[in-house]
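Coordinates in review
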Amino acid sequence: MATVHAWRAARVTPLGELHTPPRMTAALLRLTVQIVLVASLWHGLYQNTGTTAGLDRDQAVTYAVLAVLASRLRELDQYAGRDTVLQHMHFGTIIYWYLRPLKPQRYYALRAFGEQLYGFAWALGGYAVCLAAGVVEPPGSAAVAGVFALSLLLGQWVLYYVMLVIDQLCFWTLRNGAAMLILIFAQNLLAGVYAPLWFFPDWFITLSTFLPFQATLSVPLSIYIGRIELSDAPLQLAIQLGWVLVLALFTRLLWRRAARRVISQGG
């Protein structure tokens, strides 16, 4: 019974969104504007050229639009509900995460799981509309679609741990709003959210190979558009899984150390 009740934590953020229609309307409007502007931008960039950085126009537009849709997987307004780690650390309410029966790491994981399922519904709906409208190209084959789906799952798993590490830093820095924004921007940049990594200098691409960020988004989208061939996909999937294991162990250590920094005063 306790396990059943624990899973209700996954519904907190999605229910908060569903019961606030203006937020959903704003999210739909923002997503639509982003897709239109991004597609228009890349169509304009390829107006006088055929192939750039190994990508043709359709590949570039598909990559950019899918990157926008993928951003919906973890783009919910937790600040409105005052349920971010940064806010809990600021107001001192983080102590409640350690006083209730549900462990904080499990609560955090369940919240993230619920958010990703809700975000996936948005992304899938947007993908269906864009595919029907011809904004994005379909995958090259069923095999490509399957490998892409597996890579996307691993990528979201890596992203979960990356965002968890960023949140866990709040236990040591307390007031780090600016640092959080910088880290999130760096994560998006190195993941290929703003532009495919092949448009960046060689040193930038080399640097990104030693970091987990490109495993979150660049790899699955590269598989989808054919930039990474199916013959090379197993290696990339293994790298993604490797980052999952490394980050899982690292964040587990940080959870233990973070618990030592939380102090309960009074009754």
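Within every chain, residues take consecutive numbers counted from 1 along the sequence as written. For this predicted model, a pLDDT threshold of at least 70 governs which residues receive local features, and a threshold of 80 or more governs which side-chain atom pairs are given and counted, while totals over whole chains, interfaces and linings are taken from all residues. Each side-chain value is worked out from all heavy atoms of the structure, with water and hydrogens disregarded.

A surface patch of nonpolar side chains, about 310 Å² in accessible area, is lined by Trp-7, Phe-113 and Leu-117. Helix and strand assignments follow DSSP, with helices taken as H or I runs no shorter than four residues and strands as E runs no shorter than two, numbered in order from the N terminus. Checked against the element boundaries, Leu-117 lands in helix α7 (residues 104-133). Like-charged residues within 9 Å of one another, or nonpolar side chains (Val, Leu, Ile, Met, Phe, Trp, Tyr) within 5 Å, are grouped into patches, provided each residue has over 30% relative accessible area and no salt bridge. Exposure was quantified through the Shrake-Rupley algorithm and a 1.4 Å probe, taking into account, for residues, occlusion by the shown protein chains and nothing else. We count a salt bridge whenever a side-chain nitrogen from Lys or Arg sits within 4 Å of a carboxyl oxygen from Asp or Glu.

What follows concerns the packing of helix α8 (residues 142-168) against helix α12 (residues 218-225). One can describe the packing of α8 onto α12 by two numbers: an axis separation of 8 Å at closest approach and a directional angle of 175°. Overall, the two elements α8 and α12 adopt an arrangement that is roughly antiparallel. Across the interface between the two elements, Val-144, Val-147, Phe-148, Ser-151 and Leu-152 of α8 pack against Val-219, Pro-220, Leu-221, Ile-223 and Tyr-224 of α12. Any residue that is not Ala, Val, Leu, Ile, Met, Phe, Trp, Tyr, Cys, Pro, Asp, Glu, Lys or Arg is counted as polar, Gly included; the first ten are nonpolar and the last four charged. For the contact of α8 with α12, the class distribution of residues is nine nonpolar, one polar and no charged. Only the stretch in contact is used when fitting a helix axis, every axis being a line fitted to C-alpha atoms; angles between N-to-C directions are given from 0 to 180 degrees. When an angle is under 35 degrees it counts as roughly parallel; over 145 it counts as roughly antiparallel; between 65 and 115 it counts as roughly perpendicular; any other value is oblique. Residues count as neighbours in contact if any of their non-hydrogen atoms are within 4.5 Å of one another.

Here helix α3 (residues 21-45) crosses helix α4 (residues 57-71) at 160°, and the two axes come no closer than 9 Å. The angle between α3 and α4 places the two elements in the roughly antiparallel class. At the point where α3 passes α4, the crossing takes the right-handed sense. Along the contact surface, α3 presents Leu-31, Gln-34, Ile-35, Val-38, Ala-39, Trp-42 and His-43, while α4 presents Arg-57, Ala-60, Val-61, Ala-64, Val-65, Val-68 and Leu-69. Crossing handedness is defined as follows: a turn of the near helix away from the far one that is anticlockwise and smaller than a right angle gives a left-handed crossing, while the clockwise case is right-handed.

This part covers the nonpolar core. With 71 residues, the main nonpolar core has Trp-42, Val-65 and Leu-69 as its most contacted residues. It is α8 that contributes the most residues to this core, 12 residues altogether. Not counting the four nearest positions on each side in its chain, Val-65 is found in contact with Ile-35, Val-38, Ala-39, Cys-130, Val-135 and Val-136. We call a set of buried Ala, Val, Leu, Ile, Met, Phe, Trp, Tyr and Cys residues a nonpolar core when their side-chain atoms join them within 4.5 Å. Relative accessibility decides the category of a residue: with a 1.4 Å probe and only protein chains considered, values under 20% of the type maximum give buried, values over 50% give exposed, and everything between is partly exposed.

Glancing now at the packing of aromatic side chains. The criterion for an aromatic pair is that two Phe, Tyr or Trp rings (for Trp, the six-membered ring) have centres within 6.5 Å, with stacked assigned to planes under 30 degrees apart, edge-to-face to planes over 60 apart and tilted to the rest. One pass over the structure, following the stated rule, counts 13 aromatic pairs. Plain terms: the ring middles of Tyr-108 and Trp-255 are 6.2 Å apart, the flat faces sit at 70° to each other, and that makes the pair edge-to-face. Here the residue Tyr-108 occupies a position in helix α7, and Trp-255 occupies one in helix α13 (residues 233-259), the gap between them amounting to 147 residues. Like Tyr-108, the residue Trp-255 is buried in the burial classification. With centroids separated by 6.2 Å and ring planes inclined at 70°, the aromatic side chains of Phe-171 and Trp-255 adopt a geometry described as edge-to-face. Here the residue Phe-171 occupies a position in helix α9 (residues 170-173), and Trp-255 occupies one in helix α13, the gap between them amounting to 84 residues. Assessed through its relative accessible area of 7%, Trp-255 is described here as buried. A connected cluster of aromatic rings, assembled from ring pairs, spans Tyr-108, Tyr-160, Tyr-161, Phe-171, Trp-172 and Trp-255.

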